[in-house]
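# Coordinate inspection notes
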Amino acid sequence: MKHLIPEFEKIKRRYPAGFESSLLLPCLHRIQEDRGFVADEDIDGLCEWLGVPRMQVEEVLSYYTMLRREPVGRYHVQVCRNVSCSMRGAERLIGHVCKRLGVGVGETTGDGRFTVSTVECLGSCGTAPVLVVNEAYHENMDAAKTDTLLEGLK
Amino acid sequence: MPGRALLMDFPVTATSHLLADYRARGGYATLRKVLTSMKPEQVTKEVTASGILGHGGAAFPAGRKWQVIHLDDGQPHYLCANADEGEPGTFKDRWILENAPHRLVESMAIAGYALQVRHAFVYIRGEFDLPYRRLQAAVDEAYDAGLLGERILDTDFAMDLVVYRGAGSYVCGEASGLLASIEGRKGYPRNRPPRLTVKGLFKRPTVVNNVETLANLTTILAMGGEAFKQIGAPKSPGTQLVSISGHVSKPGVYEVEYGYPVAKFIYDDCGGVLAGRKLKCIVPGGISTKVLTAAEIETVTYDHASFTKAGSGVGSGGMIVIAEGTCMVRLLQVMIRFYHHESCGQCTPCRDGMGWMHKLIDGIVAGRGQSGDLERMELIAKANDGTTICGMGDACGYAVVGILAKYRDEFEYWIVHGRSKFDGRLEVDAAELAHA
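Predicted, not measured: the structure shown is a model, and the values here were computed from it. (Residues numbered from 1 in each chain as written. Chains lettered and ligands numbered in written order. Predicted model: local features only at pLDDT ≥ 70, side-chain atom pairs only at ≥ 80, totals over all residues.)

### Quick word on the domain arrangement of chain A
A common way to express how large an interface is: the accessible area buried when the components associate. Using the following cut-off: Domain start and end points were adopted from an automatic or database domain assignment.
Considered domain by domain, chain A is made up of domain 1 (2–63) and domain 2 (75–151). Each of domain 1 of chain A and domain 2 of chain A has a C-alpha centre, and the two are 30 Å apart.

Here you go:
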C-alpha cells in the first residue's frame, strides 16, 4: 500500500483534525480496489501510517462484508437473494448462474475468472432481480440477459 | 402522480443531475436566501414549524432533534446524512442520490448553517456505486462553484462535505452504528442516553438525518414551514418517496402526498398486482414493518396515523406487494435469513435469537417442523423486544409476529404436511406472466 500514501494524504485533507481513524474505511476501500483484497502487509502499512492499533484494523476487516482478506475471481458476480429479488426470480437466477459457471455459491471458477456470491438487499428492488459484477449493477435480469452478460466478460 | 410532487418535480434526463440543470431549475437560490437573510435559529424555527418527520423509518420530528443542538456551546457540531439505505424493499434515497444529488448538497448546506456545522458527512452504503459517483461529482461541482468549502456564496459561512462510503453492514444504517463506522470502527450501535445530539461523532453533538428528510429542507425554506405543513395529512406534513416492488405491475419510486389512499396508489398508480393476480398483502415500509392484508389496506391512507391505526407503519417507505398464492413461510424464511446475516453480534438476544429463529424456519421448510416451533419463534421475538441496544432484534420480531398472526395456518400446514400450502415459490410464474 506504500505507493498509495500520497493519495491517502489527499483524502486526509478533507477530514477535520482528530479524525485519523476515520481514514480506515476509505483507505481499505482503495487498497482493495488496487490489489483485489487486503493483504497482511497492507494492514502493517496502514497501522504505521494511521497510528491505529492492528486490532482495530482486523476488527473492521472482519466486520464489513465488502472487505476481503482473500482474492476473488476477476469478475465477482454477486446475486441478490432478498425478498423483492426472490419474488422476481432471484432463486432461479442464482441456480442459473451457478450452473452456467459450474461452481457453487462462494466458489471461484478453475480459471480464476468468476466468483459467485449471494448478497442481501442491494437497494434495487424495483428493478429486481439484480446482480452486481464487480461494482456495476445489472438490473431486471433473466437467464438470457445473464448469459449475454457473462459471455461478454473475458 | 399520487398528489403533489415536491422532490420529483422535474423530468429526469441525461443531465438533470448536474449543477447547470439544477441551477436552471432554481437550485441554490434557497441557500442564498438563507445565508444572506436568515439567522441560523430562524432556519431551525422554520423546520420545526414545518412539522416534518424523519423519513428514515423512525418518523422522529426533525425540528425537535435539531433543537437539542446549542449553537453557543463552544463545541464543533457535526451533521450526517444517512444514505446507508439497506432496509429490504427500500430504494427511495437512491433515487435522490442518482437524480437530485444537488438537492441533498444544497439542503445539507442549509442544515449545516442552521446547526453551525463546519464538517458534514454523507454516509452512503458501499454497494451504491452510481449513487456514490453521482453524489461525489455533485460535491466536486459545488466546491468549484463556491457552494461548499470556505466563504460559501461569498458569505462568512464555511462548510466541508465528505462523502463517506460504508462497506456492507445493515446495522450501520442505525444512527449510532453509522457514527461508529465513520470513526473507523465496526458499526456497533450504542446505548442512549447520551443522545447523539449531545454526544455523537467523536463525542461531539451530532445530527443524523435521513437523505430524504434533508432533501426536503430546500422546499421548506423556500416556501416557509407553515406553508409546508399545509401539504399532506394533518400529522404527516409533506410527501413520502415510496419505493414499491414485488408482485406489482409498475415497480419503482413514486412521490406520494401524505393522506393519499393506499389502495388507489397500488391498484391505479402502480398498475395493481402482476399477471392479474389478486392482492394477498403488503409490507408497507420495509420488511421491519408488519404486513397488512388486502382487506386491511382498503381504508388506509398513506400517512403515519392511518398506518399506525392499521397496526403497521410508514417505515422507510419501502412497500412490497405480495400476490395471492405466495407462500408466506418461504417469504418469512428469506426475511429471517436476512436478519440473521445482518445481526452485528453485539447483543446476545439478537445474535443468538436470530440464529435460533433461522434454524427453526429452515427446519420447518425442510420438513422437520414440530409442534411448538411457532410458539418458540414468538417467544424469541418477545425476548428480543426492547432487550437489545438497537431496534434490529425488535424489527425481526415484528416481521415474525406480524406474519404469524395473519398467516399461521400456512405454517401449521407445512409443519403437518411437510410441504407448502401453495407451490412454495416466491415468484409469479414466467408462463403466467406471458399469458397475462
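That covers the picture; the talk isn't over yet.
### A look at the domain arrangement of chain B
Residue and element names in this part refer to chain B. Test applied: Each residue is represented by a C-beta atom placed from its backbone, and any two residues with such atoms within 7 Å are regarded as in contact. Numbering of helices and strands runs from the N terminus; a helix is a DSSP stretch of H or I covering at least four residues, while a strand is a stretch of E covering at least two. We call Asp, Glu, Lys and Arg charged. Ala, Val, Leu, Ile, Met, Phe, Trp, Tyr, Cys and Pro are nonpolar, and the rest, Gly among them, are polar.
As assigned here, chain B comprises domain 1 (19–229), domain 2 (232–323) and domain 3 (328–417). Relative to domain 2, the C-alpha centre of domain 1 lies at a distance of 27 Å. Listed per partner, the contact involves 19 residues of domain 1 and 21 residues of domain 2. When residues of the side of domain 1 that touches domain 2 are traced back to their parent elements, those giving at least two are helix H5 (92–99) and helix H11 (225–229). Residues belonging to the side of domain 1 that touches domain 2 are distributed by class as follows: seven nonpolar, eight polar and four charged.

### Notes on the environment of B:Glu226
Within the secondary structure, B:Glu226 is located in helix H11. Between the alpha carbons of B:Glu226 and B:Val47 there is a distance of 9.2 Å; along the sequence they are 179 residues apart.

### Looking at the pairing of strand E1 (residues 75–80) of chain A
Side-chain direction in a regular strand flips from residue to residue, so the side chains alternate between the two faces of the sheet. Residues and elements named next belong to chain A. What counts here: In this analysis, strands are considered paired if DSSP registers two or more bridges between them.
Inspection of the sheet shows E1 paired to strand E2 (residues 114–119) by six bridges, in the parallel sense. Looking at E2, one finds that Val77 is bridged to Val116. Sheet topology note: the E1/strand E3 (residues 131–133) ladder contains three bridges and is antiparallel. Across the sheet, residue Val79 finds its bridge partner in E3, namely Leu131.

### Comments concerning the sheet that holds strand E4 (residues 206–210) of chain B
Residues and elements named next belong to chain B. Selection rule: Throughout, an axis means a line fitted to C-alpha atoms (over the contacting stretch in the case of helices), and angles, computed between N-to-C directions, take values from 0 to 180 degrees.
Read from one edge to the other, the open sheet built from four strands follows the order E3-E2-E1-E4, with strand pairing classed as parallel. Taken across any chain shown, the strands that pair with only one partner, and hence form the sheet edges, are strand E3 (160–165) and E4. For this sheet, the mean angle separating the axes of adjacent strands, direction not counted, is 20°. One ladder, built from five bridges, connects strand E1 (residues 77–83) with E4; its direction is parallel. Paired with Asn82 across the two strands is Asn210, which belongs to E4.

### Remarks on the interface of chain B and chain A
Taken together, the contact between chain B and chain A spans 44 residues of the former and 39 residues of the latter. Put simply, the parts of the chain that give the side of chain B that touches chain A at least two residues each are E3, helix H8 (175–182), strand E7 (239–246), strand E8 (252–257) and helix H15 (328–342) of chain B. Ranked by residue count, the leading element in the side of chain B that touches chain A is H15(B), at six residues.

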